[in-house]
Amino acid sequence: MSQTTKAKIVTGKVRFSYANVFSPKAAQEGATPKYSVSIIIPKSDTKTIADINKAFEEVKAASAAVFGGTVPKLLKGGLRDGDAEKDDAAYADSYFINANSVNKPGVVDNDLNPIIDPSEFYSGCFGRASITFYPYNSNGSKGIACGLNNIQKTEDGDQLGGGSNAAADFAV
């Protein structure tokens, strides 16, 4: 099997946060608007964690040319520890990774029907994500990025970020 500088995986059941999958958003003024999502992976999902770590290491090993001949010892990217980096109950006992793309991701439901209504996919729902790891070397910053391909919503969850459901708010 030949080495490649990209590796794609599909996660197990994850939770989505900071979901910008219907319209792109710029991270800062003047930046290219991108579709993005924070993917929260329970630490108990050892298969998804192993798949992500393997993909990261495969891309890292195959990326010497992208990094100018040698792979740096410290690279940006990969899984981050929610317990260490976030003061947020949604990230407790979980890892997370932020994925983004300039291309709009496909968003589907359990039956693979496209989700068109933005209110149907929100920060807090659960599902699976198709992501691709690839190297970058730009403006002195080197790392392995996580590209967002597609998303499948598998179930509802409590909305994150303080929002609420109008039907629940006004139910008699």
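Residues numbered from 1 in each chain as written. Predicted model: local features only at pLDDT ≥ 70, side-chain atom pairs only at ≥ 80, totals over all residues. Heavy atoms only, no water.

## Points about helix α1 (residues 46–61)
So the rule is basically this: Secondary structure is summarised from DSSP: a helix means a run of H or I of at least four residues, a strand means a run of E of at least two, and numbering begins at the N terminus for each. Expected helix span is given by 1.5 Å per residue-to-residue step, counting one fewer step than there are residues. Burial classification: accessible surface area is computed with a 1.4 Å probe over protein chains only, and a residue below 20% of its type maximum counts as buried, one above 50% as exposed, and the rest as partly exposed. The directions from the helix axis to the C-beta atoms form the arc being described. Should any heavy atoms of two residues lie within 4.5 Å, those residues are counted as being in contact.
With 16 residues, α1 should reach 22 Å at 1.5 Å per residue; the first-to-last C-alpha distance of 22 Å fits that figure. Turning to α1, its buried residues are Thr48, Ile49, Ile52, Ala55, Phe56 and Val59. The arc enclosing the buried residues of α1, seen along the axis, measures out at 135°, which places them on a common side. α1 presents Thr46, Lys47 and Lys54 as exposed residues on the side facing more than 90 degrees away from its buried surface. Where α1 is buried, its residues touch β1 (7–10), β3 (34–42), β5 (94–101), β7 (126–138) and β8 (141–155).

## Some remarks on the nonpolar core
The condition that has to hold: Nonpolar cores are built from buried Ala, Val, Leu, Ile, Met, Phe, Trp, Tyr and Cys residues. Side-chain atoms within 4.5 Å join them into one set.
Counting 30 residues, the largest nonpolar core has Phe16, Val21, Ile39, Phe121, Ile131 and Phe133 as the members making the most contacts within it. Broken down by secondary-structure element, the contributors of at least two residues to this core are β1, β2 (14–25), β3, α1, β5, β7 and β8.

## Thoughts on the packing of aromatic side chains
Selection rule: Ring pairs shown here join Phe, Tyr and Trp side chains whose ring centres sit within 6.5 Å, with only the six-membered ring taken for Trp; geometry is labelled stacked below 30 degrees between planes, edge-to-face above 60, and tilted in between. A positively charged side chain is recorded as over a ring if its NZ (Lys) or CZ (Arg) lies within 6 Å of the ring centre. The angle to the ring normal must also be within 35 degrees.
By the definition in use, this model includes two aromatic pairs. An angle of 50° between the planes, with centres 5.1 Å apart, marks the rings of phenylalanine 16 and phenylalanine 121 as tilted. Residue phenylalanine 16 is located in strand β2, and its partner phenylalanine 121 is located in the loop between β6 (106–108) and β7; the two are separated by 105 residues in the primary sequence. Judged by relative accessible area, which is 0%, phenylalanine 16 ranks as buried. Residue classification places phenylalanine 121 among the buried positions, given a relative accessible area of 3%. Relative to phenylalanine 96, the ring of tyrosine 91 lies with its centre 5.2 Å away and its plane at 85°, an arrangement referred to as edge-to-face. Here tyrosine 91 and phenylalanine 96 have matching classes, each one buried. When the ring centre of phenylalanine 126 is taken as reference, the NZ or CZ atom of lysine 13 above it lies at 4.9 Å. Residue placement shows lysine 86 over the ring face of tyrosine 91; its charged tip is 5.0 Å from the ring centre.

## A look at the pairing of β8
Put simply, side chains in a regular strand alternate between the two faces of the sheet. Cut-off, in case you're wondering: The criterion for strand pairing is that DSSP finds at least two bridges linking the strands in question.
Across three bridges, β6 lies against β8 in parallel orientation. What sits directly across from valine 108, in β8, is glutamine 152. Note: β7 against β8, 13 bridges, orientation antiparallel. Its bridge partner lying in β8, phenylalanine 133 is registered against cysteine 146.

## Thoughts on unusual backbone geometry
Despite not being glycine, tyrosine 18 has its phi angle at roughly 45°, a positive value. In this structure, tyrosine 18 sits in strand β2. Located in the positive-phi region is leucine 112, a residue other than glycine, with phi close to 70°. With respect to the secondary-structure elements, leucine 112 resides in the loop between β6 and β7. Judged by its relative accessible area of 58%, leucine 112 is exposed.

## What to know about the environment of serine 17
Within the secondary structure, serine 17 is located in strand β2. In the structure, serine 17 is positioned 105 residues away from tyrosine 122 in sequence and 7.6 Å away in space, judged by C-alpha atoms. Ignoring anything within four residues of it in the chain, the contact list for serine 17 reads Val37, Ser38, Ile40, Tyr91, Ser123 and Leu160.

## Things to note about the pattern of salt bridges
Opposite charge on two side chains allows them to pair when their charged atoms are near. Threshold: Take a side-chain nitrogen of Lys or Arg and a carboxyl oxygen of Asp or Glu: if they are within 4 Å of each other, that pair is a salt bridge.
Tallying each qualifying case throughout the model produces seven salt bridges. With a closest N to O distance of 3.0 Å, glutamate 155 and lysine 13 form a salt bridge. Remark: lysine 13 occurs in the loop between β1 and β2 and glutamate 155 occurs in strand β8; sequence separation between them is 142 residues. You can call glutamate 155 partly exposed: its relative accessible area is 34%. Given a relative accessible area of 44%, lysine 13 falls into the partly exposed group.

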